[in-house]
Amino acid sequence: MFTSVDDVSARLAETGYLASPAVATTVFLAARLGKPLLVEGPAGVGKTELAKAVAQVADARLVRLQCYEGVDESRALYEWNHAKQLLRISAGRGESWDETRTDIFTEEFLLPRPLLTAIRGDEPTVLLIDETDKADIEMEGLLLEVLSDFQVTVPELGTVTATRRPFVVLTSNAGRELSEALRRRCLFLHIGFPEEELERRIVRLKVPGLGAALTESVVRVVGALRAMDLRKVPSVAETIDWARTLLALGAGTLDETVVRDTLGVILKHQDDIQKAAAKLDLDAL
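Reading the values: the criteria
Residues numbered from 1 in each chain as written. Predicted model: local features only at pLDDT ≥ 70, side-chain atom pairs only at ≥ 80, totals over all residues. Heavy atoms only, no water. Core = buried A, V, L, I, M, F, W, Y, C linked by side-chain atoms within 4.5 Å. Buried < 20%, exposed > 50% of the residue type's maximum accessible area, 1.4 Å probe, protein only. Helix = DSSP H or I, 4+ residues; strand = E, 2+ residues; numbered from the N terminus. Contact = heavy atoms within 4.5 Å. Pairing = 2+ DSSP bridges. Axes fitted to C-alpha atoms, helices over the stretch in contact; angles between N-to-C directions. Disulfide = S-S within 2.5 Å. Parallel < 35°, antiparallel > 145°, perpendicular 65-115°, else oblique. Left-handed = near helix turned anticlockwise from the far one by under 90°. Nonpolar A, V, L, I, M, F, W, Y, C, P; charged D, E, K, R; others polar. Salt bridge = Lys/Arg side-chain N within 4 Å of Asp/Glu carboxyl O.

Asks: What is the right way to read the nonpolar core from this model?
Replies: A general tendency of soluble globular proteins is for nonpolar side chains to be buried together. Counting residues in each nonpolar core, the largest one holds 34 residues, and the members touching the most others are Leu115, Ile129, Met139 and Leu170. The set of elements that each furnish at least two residues to this core consists of strand 2 (61-66), strand 3 (78-80), helix 7 (114-120), strand 5 (125-130), helix 8 (137-149), strand 6 (151-154), strand 8 (167-172) and helix 9 (180-184). Once residues lying within four places of it in the same chain are set aside, the contact partners of Met139 are Leu65, Val71, Asp72, Ala76 and Leu115. Grouped together as the second largest cluster of nonpolar side chains are 32 residues, Val222, Val233, Val259 and Ile266 included.

Written as structure tokens, this is what we have:
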């Protein structure tokens, strides 16, 4: 998939994803070693976007499993089309059960979900298991089986083994601790808030119409907000949204009025907005 770490950086940059050396190195190793990649970090720092960028540069199909509390095997792996099975049973009233059973448990009635879809694919595939920490711990048992051998057993059909292993990215916001067994099967990458220079490059890339001075001010103010004790500090996604907001408003500088009127773009709680308005000193930045 990639020839070197520099190749990862260059090709991801072509999609608009600016990767730090640590990110590029870990992506290269995951591709070269055929290991799943567990990406952890705050929301909005580019974990999901990394998987999308890898799929784009590799010209691969992106298969996404969005995790949530209560997601189970039928939503992650496969389920049977019960309505269609009932219609088939009704149509064959004169048949014995053995005859009917042979027909209804076939590919025609199988509904593959993301995990089975990724394993059965014979084209380049990126499997994104998004927000893994939101799933119940029981879900990890299924993931362990899939990620260990890249195979799935469908009792009625047999074992399905991947002929071409997908590139697997698991993301986590660290809402709960993932099991050590799952972590052992993955390469680990933590993506935090970027350094100022990298964030400036990201803003310039994503919001090219914003002036250099205003870009500098935006990144500095966001950095100051992250240093405060807030319920939810702004992520890179909020930085970009704020830059686009300022561009849409035609703001030339970042003064107190503009900041006060647009804090709701980057802060999502009223107490955070009040705290930032009271403590933020633009003259000191």
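Right, picking up where we left off after that structure.
Asks: Would you mind showing me how to read the sheet that holds strand 9 (residues 187-190) here?
Replies: Within a sheet, adjacent strands bond to each other through the backbone by hydrogen bonds, running parallel or antiparallel. Ordered in space as 2-5-8-1-9, the 5 strands form an open sheet in which the pairing is parallel. In this open sheet, the two edge strands, each paired with only one partner strand, are strand 2 and strand 9. Going from strand to strand, the sheet's axes swing by 20° on average, the running direction of each strand aside. Across 4 bridges, strand 5 lies against strand 8 in parallel orientation. Paired with Leu128 across the bridge in strand 8 is Val169. Taken strand by strand, helix 3 (residues 47-57) contacts strand 1 (37-40), strand 2, strand 5, strand 8 and strand 9, and its axis lies near 170° from that of strand 5.

Asks: Help me understand the pairing of strand 9 in this model?
Replies: Successive residues of a regular strand alternate their side chains across the two faces of the sheet. Only one face of strand 9 is covered, namely the one carrying Leu187 and Leu189; the face carrying Phe188 and His190 has none of its residues buried. Here strand 1 runs beside strand 9; their pairing, made up of 4 bridges, is parallel. Considered in strand 9, the bridge of Leu37 is made with Leu187.

Asks: Looking at this structure, I do not really get helix 8. What am I missing?
Replies: Because an α-helix completes one turn every 3.6 residues, residues spaced three or four positions apart along the sequence face the same direction. Within the span of helix 8, buried status applies to Met139, Glu140, Leu142, Leu143, Leu144, Val146 and Leu147. One or two residues past the end of helix 8 sits Phe150, with phi positive at roughly 50°.

Asks: Where do I start with the state of the cysteines in this structure?
Replies: A covalent bond between the sulfur atoms of two cysteines is referred to as a disulfide. Per the counting criterion, the structure on display carries 0 disulfides. Between Cys67, a cysteine without a disulfide, and Cys186, which holds the nearest cysteine sulfur, the sulfur-to-sulfur distance is 12 Å.

Asks: I keep staring at the packing of helix 10 (residues 196-206) against helix 11 (residues 212-226) and nothing clicks. Help me out?
Replies: The geometry of a pair of packed helices is captured by two quantities: the angle between their axes and the separation between those axes. One way to put it is that helix 10 packs onto helix 11 with a least axis distance of 10 Å and a crossing angle of 130°. Taken together, the axes of helix 10 and helix 11 lie oblique to each other. The interaxial crossing formed by helix 10 with helix 11 has right-handed handedness. Contact with helix 10, carried on its side by Glu196, Glu199, Arg200, Val203 and Arg204, involves Thr215, Glu216, Val219, Arg220, Val222 and Arg226 of helix 11 and no other residues of that element. Looking at the contact of helix 10 with helix 11, its residues break down into 3 nonpolar, 1 polar and 7 charged.

Asks: Just checking my understanding: could you explain the pattern of salt bridges for this structure?
Replies: One side chain can pair with another of opposite charge once the charged atoms of both are near each other. Going through the model one piece at a time under the given rule, you end up with 20 salt bridges. Measuring nitrogen to oxygen at the nearest pair gives 3.6 Å for the salt bridge that ties Glu79 to Arg75. Judged by relative accessible area, Glu79 falls into the buried class, the value being 19%. Measuring nitrogen to oxygen at the nearest pair gives 3.7 Å for the salt bridge that ties Arg204 to Glu197. Through salt bridges with shared partners, a single ionic network connects Glu196, Glu197, Arg200, Arg204, Glu216 and Arg220.

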